Amino acid sequence: MSKLQNGASSRGASATPAPGTPTPATGPTSLLPPVVGINFGNSYASIAVFTKEGLAESIANEDGERQIACAIAFHGEEMYIGNQAKQQLVKNAKNSIVGFRNLLGKKFSEVPGSEHPTLSAPIIQHPDLADTIAYKVEVLQPAPSPLPTSAYTTPAASHAPTPRSEPIPSTRILTVHDVTVIFLRSLLKSAEDFLGKPITGAVISVPEADTFGEKQREALKAAAKEAGLNVLQLLDEAAAVVALTTTALWSGDGEEQQEGGEPLGKDRTQLVVDLGASALSLHLVSVREGLSYVLASSHTPSVGGDKIDDKLVAFFAADFTKKTKVALKVCPATAVADQRAEAKLRLAIEHTKRTISASPGAATCSVESLKDGLDYTGAVNRMRFDMLASPIYAAVADAIGALLARAAADAHDVDEVVYVGGTGCLPGLDSRLCVQAGFREDVQTPFARGIVVGGGVGDPTTIIARGCAAQAALLDALATSDAQEDKEILAAFEAGAEANQVKATTKTLGVLFPNNLPENREVGGTWIPVVQRETALPVRRIVALDVGVEEGSKRVACEVWEVVEGIRTEKVAPPKSSDDEDDDEDDEEEEEEEVEVKHRTLAKHALLAALDGPAQLAVQTKGKGADRGRWFTRVEIQFVVGIDGDLNVELREIGGAEGLVQRVHVAA
Amino acid sequence: MATVQVLSIATPPVPAAYKPPSVPSTSRISAPHPSGHRTLLPVGPAYINHLRLSLHHSHSFSSLDKHLAAERDRLAALHGEDNAGEDDLGVGEEEEPEELLALDPKEWKKQDHYAVLGLSHLRYKANADQIKIAHRKKVLKHHPDKKAATTTAVPSSLFLTGVNQNTNDDAFFKCIQKAHEVLNNPEKRRQFDSVDPVFLELEEDMPTAAEIKSKDLDFFKTLGPVFELYSRFSKAQPVPGLGHIDSSKEEVEGFYDFWYNFDSWRSFEWLDKEVNEGSDSRDDKRYTEKKNKSERARRKKEDIAKLRGLVDMALGLDPRIKRIKQQEKEAREAKKKAANPAAVVKKTKQQEEEEKKKAELAAKEQEEADKVARAEAKKQKAAAANAAKKARRQQRAVEDGGAA
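Residues numbered from 1 in each chain as written. Chains lettered and ligands numbered in written order. Predicted model: local features only at pLDDT ≥ 70, side-chain atom pairs only at ≥ 80, totals over all residues.

**Here we look at the overall build of chain B**
- Each helix and strand in chain B was counted, giving 15 helices and two strands.
- Expressed as a percentage of the 404 residues in chain B, the buried residues total 17%.
- Residue pairs in contact within chain B that sit at least 24 positions apart in sequence constitute 58% of those at least 6 positions apart. (Helix = DSSP H or I, 4+ residues; strand = E, 2+ residues; numbered from the N terminus. Buried ≥ 20, exposed ≤ 12 C-beta atoms within 10 Å, placed from the backbone. Contact = placed C-beta atoms within 7 Å.)

Spelled out as structure tokens, the structure:
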């Protein structure tokens, strides 16, 4: 009897799936965590989600913008959010709200008058709430809908509705909290529309603690909660960058092998240059196999993309005056017409800057009716642009120098430079910094690796959002896991601080294979660093390498050392030009100073252990080549530094069970 | 397990004169930065592992390794089955025999659409999603563009080397499209399902009553699948099954009730003769249509009769019916016995005889009475006729006199 019930008719089958067919299992798409990473800057925001390819990708909002201006404008009955709102700054400046993120969680009395916005809606003291920042905007409120017609109340009953009356002009008071909620809600909606399902978690980036304090973070969390976002974590911008730069996708190993580029080492010192519109943040980060901490950081609010904008606006204004003989005074502009022209130019140069960043040719700037009804079209090439921006570049380089000096590090210690923020896209900045800050020749920058343009992983404008998304996915996995341990770890994330305090090594540990090669004279052997300095404890590192052995004794011997790495600066006279045909040139060369050349140095600090033993699994190299006939064995050396600073070294011959094994313990 | 950093260097052998230095027993690694000097950035899987290490495994790497391995195994077990790519709702892959691939799209009416789409194992049970998936699969495999690109035809002669011989090989693709067209349209699909070739085959070798009796086949094992086969045509679902030997009286009655009132959606439009669309002879068309209609009605009638015959046969052979009848009889008798064990039976016999006689008498009397009544009525009729004649004659006489 029960069997027959399975016989669904063909017509009913489409409505009710025939029993026996498996229920639709979760496909690969549903495995993607519905989370969003939000880079919430003061000037621009960006959002990133996990796409079908399983990568965190920055997505565009409804206007097609990946860099969404943090702006809200009111015009009549309409409300504009994002880049549309920015356009309103030209004609409707007093109803446009920009730069609200930095005001979040601040009291009115805490904001000095000099920081009040001049080109957008002014901030006022909230009329009702004490010491609260508010914006007052003029809006048109829709008139209340007329009462429904009723046969009883009107003498001549009509079915035609009474037309609505005109909307009523009124003012609306918005607190910074309200503005943030509106903005975050629009970001959330963009992400949900893209994914087609509700977002369950979000990670939002915030500036570092000394500029964006605990109170402000609380205010941001409250606003995000009201906007419908489940905030998993507020990430410092540096942390968000590291979240992305420690992935295999970034470092270029694993499946996502970068074309041509070498995979980055797992241990590296990263310099994060966050050059936004309004401020410069620098972080020197020590990345050790994914674990990372900030060695030093600096925040310079006076340096930013806005300064470059000023220069560029002034350049184009001068060009306009030259072309049209119409006076245009900008930066700062006093007359209303000049102010409006400046606002128009500022909007137009966004495009110019992006073109400069993306392509080597000249970038144009066109504004219709810039002043007195005259249109303007001008162009700027990269060289001229870099000349204009040179003071800002120099300021960034100086800030880097100051930071490195404070961290007692040398520019040569920096293994990788990461640029963040719209201004970080400028190739001129990279080339200037590499020269002026004195990085190594082989320093890894996104430009050198060619991962900036064309939506590469190194795109400075989206790094933070994608890092946030990657982190959100991790936390989402923890949150959905039902293991007790995962729950506790998630709780540790919320509690924060305690677990983040770590001990770290101060000097590099490694092994030395003694030999008499001339290039190793400095330390008397081949030095292999295993545990780099500035590595958080506890730590375990394993290296594998081939060790040559004598045919007879098959002896494997090495010493465990702690070393001090340093930089030696040497002044070298520049090589003389080989052809001395031109006398003038020779004169110039003689006047030149000696060039500073930096070398890495090693100094043995302490001998910790010595390992010595016969290899059991050595093999002789066959075939041709320099190594022919030599004996080698492959060893793995494991270093474990405990939380208290005790060291365990294990040397193990690999390839068989009967290999040589030597263990040494160095007490703390 | 921690990742092993493989270095691509080979150190030269240790010099024979090398003597290992004596390690001072007091040697220690330099004091690390104290806790609090460095603050980890709380990001990345490495940080989560660090938390695990410090919170749960008391900084022991071996304990963490064990935990992570266990976790990996658990996840592998969890996702092992459904990790095999996209779910195809059980459509699967079916073999494509030569004769299937050699189908002629012109003869699409005769092809088995389910077999073409690789749904032979589901047939009428396939739902719309499965049909969609099956169609996609087949199209991906048999699209003419794809065929042209991946031609594997071994050239039969040297002259044809490199010449693509598969260019015009979209016959099966057309069959696929046709099958999809039919199965995707609920009405067409119903018509096709009505005359599903596999069903017709099964219908062919349906057992007859004689067979069952002569071969002494098991009633339930023989007829159960037959009813199951037919149940697909019922508009009302679910359909009660044949049941088993111990089914209750209600179940058995319910079963026969349902099958005697079987409401079938089966129809026979699929077997219609093609109306010759090209011809402009309206009569021709109408003739064909009319013929089709009557043919359909005939087939439907046959179908109903067949099913009715099947149910009749089942009812006749059903061992449960005999049992139920027996039980009913026994129950009745037991009831009667309980009321008045002996008298009831005798009285009824006498009464019956008396009643019979009475009835016979009454019938006889009635007959006689009828005869009398009939004779009477004849006489009256004749009298009436005579009277009427007389009256007419008198009237004529009066009229004649009046006129003269």
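**Digging into the overall build of chain A**
- Broken down by element type, chain A carries 14 helices and 28 strands.
- In chain A, of all internal contacts separated by at least 6 residues, the share reaching a separation of at least 24 is 65%.

**A closer look at the sheet that holds strand 13 (residues 267–275) of chain A**
All names here are of chain A.
- With mixed pairing, the four strands of this open sheet are ordered in space as 15-14-13-18. Single-partner strands in this sheet number two, and they are strand 15 (291–300) and strand 18 (416–420). Strand-to-strand twist across the sheet, computed as the mean angle between neighbouring axes with direction ignored, equals 20°.
- Here nine bridges tie strand 14 (residues 280–288) to strand 15, and the two strands are oriented antiparallel to one another. (Pairing = 2+ DSSP bridges. Axes fitted to C-alpha atoms, helices over the stretch in contact; angles between N-to-C directions.)

**Comments concerning the interface of chain A and chain B**
- Chain A puts 90 residues into the contact, and the matching count from chain B is 73 residues.
- Broken down by element, the side of chain A that touches chain B gets its largest block of residues, nine residues, from strand 22 (residues 539–549) of chain A.
- Pairing of strand 19 (residues 501–504) of chain A with strand 2 (residues 33–39) of chain B, which is carried by three bridges, proceeds in the antiparallel orientation. For Ala504(A), the partnering residue across the bridge sits in strand 2 of chain B and is His33(B).

**Things to note about the pairing of strand 14 of chain A**
Residue and element names in this part refer to chain A.
- The element strand 14 is extensively covered by neighbouring structure, given that nine of its nine residues are classed as buried.
- Residues Leu280, Leu282, Leu284, Ser286 and Arg288 of strand 14 are buried on one face, and the alternating residues Ser281, His283, Val285 and Val287, pointing to the opposite face, are buried as well.
- Two elements, strand 13 and strand 14, share nine bridges in a ladder whose sense is antiparallel. Residue pairing across strands places Gln270 opposite Val285, the latter belonging to strand 14.
- What sits between strand 13 and strand 14 in their antiparallel hairpin is a turn of four residues.
- In this antiparallel pair of consecutive strands, strand 14 and strand 15, the connection spans two residues, and Glu289 shows a positive phi of 50°.

**What to know about the packing of helix 9 (residues 382–406) of chain A against helix 10 (residues 427–438) of chain A**
All names here are of chain A.
- Interhelical geometry of helix 9 versus helix 10 gives an angle of 45° and a closest axis separation of 9 Å. As the angle between them shows, helix 9 and helix 10 are arranged oblique. Seen from above, helix 9 lies across helix 10 with right-handed handedness. Here helix 9 contributes Arg382, Phe385, Asp386, Ala389, Tyr393, Ala394, Val396, Ala397, Ile400 and Gly401 to the contact with helix 10, which in turn contributes Gly428, Leu429, Arg432, Leu433, Gln436 and Ala437.
- Per-class residue counts for the contact of helix 9 with helix 10 are 10 nonpolar, three polar and three charged. (Parallel < 35°, antiparallel > 145°, perpendicular 65-115°, else oblique. Left-handed = near helix turned anticlockwise from the far one by under 90°. Nonpolar A, V, L, I, M, F, W, Y, C, P; charged D, E, K, R; others polar.)

**Re the nonpolar core**
- Formed by 176 residues in total, the largest nonpolar core has its most connected members in Ala202(A), Ile204(A), Val396(A), Cys468(A) and Ala469(A).
- With sequence-adjacent residues up to four places away left out, Cys468(A) is seen in contact with Gly37(A), Ile38(A), Asn39(A), Ala48(A), Val203(A), Ile204(A), Ser205(A), Leu235(A) and Ala240(A).
- Grouped together as the second largest cluster of nonpolar side chains are 20 residues, Val91(B), Val116(B), Ala179(B) and Val182(B) included. (Core = buried A, V, L, I, M, F, W, Y, C linked by C-beta atoms within 7 Å.)

**Observations regarding the environment of Ala115(B)**
All names here are of chain B.
- Mapped onto the secondary structure, Ala115 falls in helix 4 (residues 113–116).
- Residues Ala115 and Glu94, 21 residues apart in the sequence, show an inter-C-alpha distance of 8.6 Å.
- When sequence neighbours within four positions are dropped, the list of residues in contact with Ala115 reads Leu100 and Ser120.

**Some remarks on the sheet that holds strand 21 (residues 525–531) of chain A**
All names here are of chain A.
- Here we have four strands laid out as an open sheet, ordered 21-20-23-24, and antiparallel in their pairing. Each edge of the sheet is formed by a strand with only one pairing partner; in this case those strands are strand 21 and strand 24 (595–614). Taking the axes of each pair of neighbouring strands and ignoring which way they run, one obtains an average angle of 35° across the sheet.
- In terms of strand pairing, strand 23 (residues 555–572) meets strand 24 through 18 bridges, oriented antiparallel. Paired with Val563 across the strands is Lys604, a residue of strand 24.

**Some points on helix 7 (residues 171–184) of chain B**
Residue and element names in this part refer to chain B.
- The end-to-end C-alpha distance of helix 7, which contains 14 residues, comes to 20 Å, matching closely the 20 Å that a straight helix rising 1.5 Å per residue would cover.
- Among the residues of helix 7, Phe172, Cys175, Ile176, Ala179, His180, Val182 and Leu183 are the ones counted as buried. Projected onto a plane normal to the axis of helix 7, the buried residues spread over an arc of 165° and lie on a single side.
- Elements in contact with the buried residues of helix 7: helix 3 (98–101), helix 4, helix 5 (128–142) and helix 8 (186–194). (Expected span 1.5 Å × (residues − 1). Arc of directions from axis to C-beta.)

**Structural notes on unusual backbone geometry**
- Between Cys331(A) and the following residue, Pro332(A), the backbone shows a cis peptide bond with an omega angle of -5°.
- In this structure, the amide linkage connecting Gln237(B) to the following residue, Pro238(B), adopts the cis form with an omega of -5°.
- Its location among the elements puts Pro238(B) in the loop between helix 11 (219–230) and helix 12 (249–260).
- Despite not being glycine, Cys331(A) has its phi angle at roughly 55°, a positive value.
- A positive phi is found at Arg123(B), a non-glycine position, where the angle reads about 50°.
- Classification of Arg123(B) as partly exposed rests on a count of 17 C-beta atoms within 10 Å.

**Quick look at the packing of helix 7 (residues 305–324) of chain A against helix 8 (residues 336–358) of chain A**
All names here are of chain A.
- It is the contact of helix 7 with helix 8, at a shortest axis distance of 10 Å, that shows an interaxial angle of 110°. Compared by their axis directions, helix 7 and helix 8 come out roughly perpendicular. Every residue of helix 8 that contacts helix 7 at Asp309, Leu312, Val313, Phe316 and Ala317 is listed here: Glu342, Leu345, Arg346, Ile349 and Thr352.
- Partitioned by chemical class, the residues of the contact of helix 7 with helix 8 number six nonpolar, one polar and three charged.

**Things to note about the confidence of the model for chain A**
All names here are of chain A.
- A residue-level look at chain A finds 88% of positions with pLDDT of 70 or above and a mean pLDDT of 83.
- Confidence over residues 1–30 falls short of pLDDT 50; this stretch has 58 contacts with residues more than four positions distant or in other chains.
- Segment residues 254–260 is flagged for pLDDT under 50; beyond a separation of four residues in sequence, or across chains, it makes seven contacts in the model. (pLDDT = per-residue confidence, 0-100.)

**A look at the environment of Ala606(A)**
- Within the element layout of this structure, Ala606(A) appears in strand 24.
- Each C-alpha atom, one on Ala606(A) and one on Trp561(A), is 5.8 Å from the other, the two residues being 45 residues apart in sequence.
- Setting aside its immediate chain neighbours within four residues, Ala606(A) contacts Glu562(A) and Ser27(B).

**Quick look at the confidence of the model for chain B**
All names here are of chain B.
- Here chain B shows a mean pLDDT of 81. Residues at 70 or above account for 87%.
- Per-residue pLDDT stays below 50 along residues 162–167; that stretch engages in 11 contacts with residues further than four places along the chain or on separate chains.
- ipTM for the predicted complex: 0.82, alongside a pTM of 0.67.

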